Amino acid sequence: MRKTFFCVDAHTCGNPVRVVTGGGPFLEGKNMSEKRQHFLREFDWIRKGLMFEPRGHDMMSGSILYPPVDKANDVGILFIETSGCLPMCGHGTIGTVTVIIEEGLVSPKVPGELRLETPAGLVRVSYKKEGGRVTSVRLVNVGAYLDSENLEAECPDLGKLKVDVAYGGNFYAIVDVQDNFKGLEHHPADQLIGWSRHLRRQLNEKYTFTHPEDPTINGLSHILWTGKTLSEEATARNAVFYGDKAIDRSPCGTGTSARMAQWYARGKLKEGETFIHESIIGSKFTGRVESVTDIGDKKGIVPSIEGWARITGYNNIIIDDDDPYAHGFQV
Ligand code: PYC
């Protein structure tokens, strides 16, 4: 059997977003969280085929579009990535919104605004458009909170590290600068990747991380390394590890949300303040603490993230059962 997926490829601040506009499977469920579970049970081969080599690469990330379950909303989004099906993805949202608006795939109920159903919850978006181009996308994310502080982990080469774990749509271990870690600028990306795999495994073996309102969102998936900013206007810089080999080229929307929640909880950021986050390549998202909120029994924030994306091409991708690499591979 040959299956064709109609995709529009884009990047958000440097990180890829492959938006599947046609060919995605029908999913059962009364919300995107349940649809995500259905996808993971039966259709994960599609994610693997579209994200991994030879059709994708280590950093590949994307989304599949669905009609909204609630007619008050504009579109449902399933995030697909080399790391799995994320509950929420910030750079993925910015890229997806740019694609659906520039390509005319969704007519917003309110011009300049969209209500997105994601597995992690409702995400509200506003965007600016000039001459057919979406010039910026601002998303109001799901609630973010600091989950755990000062967890101890043993890192190869570096030794003992203390990390905080925060949720911003995914769970992040945040490695702040400390005695045994001087900052991401002192290390090549490959070294951060190797250490991240080790830290993630160790922290998931020692601790559990579960969302208080949706137990299907669980497990530490990302490691956020911090360091010195490249430009004066940035508040902070980060390099986010995901999947098995990826460092986000964008400043990472859910990572920025998690870090803002950590800063808020530690008294370093206040309601209404902005937080300009810089990526490994120097691209930037502008974050803001929109309000404070309760997430189950946790106190947290509602963060917003603003960034931009560009379409890079149209891609009709075939996954053929006859192809020994139909479902991709990793080296
Ligand atoms: O922007 O939220 C994000 C993200 C998650 C993984 C890679 N990017």
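Starting from 1, residues in each chain are numbered consecutively following that chain's sequence as written. Reporting of local features is limited, given that this is a predicted model, to residues whose pLDDT is at least 70; pairs of side-chain atoms are given and counted only at 80 or more, and all residues count toward the totals for whole chains, interfaces and linings.

Some points on the nonpolar core
Line of reasoning, step 1. Counting 45 residues, the largest nonpolar core has Ala166, Ala173, Leu224, Met260 and Ala261 as the members making the most contacts within it.
Line of reasoning, step 2. It is helix 5 (residues 253-265) that provides the largest number of residues to this core, a total of six residues.
Line of reasoning, step 3. When neighbours within four sequence positions are excluded, methionine 260 is seen to be in contact with Ala144, Leu269, Phe275, Gly287, Val289, Ile301 and Pro303.
Line of reasoning, step 4. Membership of the second largest hydrophobic core comes to 44 residues, among which are Val8, Met32, Met60 and Val125. What we call a nonpolar core is a set of buried Ala, Val, Leu, Ile, Met, Phe, Trp, Tyr and Cys residues whose membership is set by joining through C-beta atoms within 7 Å. To sort residues by burial, count the other C-beta atoms lying within 10 Å of each one's C-beta; a count of 20 or more means buried, 12 or fewer means exposed, and anything in between means partly exposed. C-beta atoms are built from the backbone. To qualify as a helix, a DSSP run of H or I must reach at least 4 residues; to qualify as a strand, a run of E must reach at least 2; elements of each kind are numbered from the N terminus. C-beta atoms are first placed from the backbone for all residues, and any pair lying within 7 Å is then listed as a contact.

Structural notes on the environment of lysine 245
Line of reasoning, step 1. Locating lysine 245 in the fold gives a position in the loop between strand 12 (236-242) and strand 13 (246-247).
Line of reasoning, step 2. A residue is classified by how many C-beta atoms lie within 10 Å of it, and lysine 245, with 19 of them, is partly exposed.
Line of reasoning, step 3. Separated by 49 residues in sequence, lysine 245 and serine 196 have C-alpha atoms that sit 9.3 Å apart.
Line of reasoning, step 4. With residues up to four places along the chain from it excluded, the contact list for lysine 245 reads Asp58 and Ile193.

Things to note about the confidence of the model for the protein chain
Any residue range with low pLDDT should be treated as having predicted coordinates unsuitable for detailed reading.
Line of reasoning, step 1. When pLDDT is averaged along the protein chain, the result is 98; 100% of the residues meet or exceed 70.
Line of reasoning, step 2. Confidence metrics for the complex model read pTM 0.98 and ipTM 0.99. For every residue, the predictor states its confidence as a pLDDT score lying anywhere from 0 to 100.

Quick look at the site of the ligand
Line of reasoning, step 1. The environment of the ligand is formed by Ser61, Cys89, Gly90, His91, Tyr242, Asp248, Ser250, Cys252, Gly253 and Thr254.
Line of reasoning, step 2. Breaking the shell around the ligand down by element, the ones donating at least two residues are helix 3 (90-102) and helix 5.
Line of reasoning, step 3. Only Asp, Glu, Lys and Arg are considered charged, only Ala, Val, Leu, Ile, Met, Phe, Trp, Tyr, Cys and Pro nonpolar, and every remaining residue, Gly among them, polar. For the shell around the ligand, the residue count by class is three nonpolar, six polar and one charged. Using a C-beta atom placed from the backbone for every residue, we mark a residue as near a molecule or strand if that atom lies within 6 Å of it.

Observations regarding helix 5
Residue pairs spaced three or four apart in an α-helix point in one direction, given the helix's 3.6 residues per turn.
Line of reasoning, step 1. Across its 13 residues, helix 5 extends 18 Å between first and last C-alpha, which sits within 8% of the 18 Å expected from 1.5 Å per residue.
Line of reasoning, step 2. Buried residues dominate helix 5, accounting for 13 of its 13 residues. Given a helix with a known number of residues, its expected span is that number minus one, times 1.5 Å.

Focus: the environment of glutamate 34
Line of reasoning, step 1. Examined against the element boundaries, glutamate 34 turns out to sit in helix 1 (residues 32-42).
Line of reasoning, step 2. Along the backbone, glutamate 34 and phenylalanine 5 are 29 residues apart, and their C-alpha atoms lie at a distance of 22 Å.

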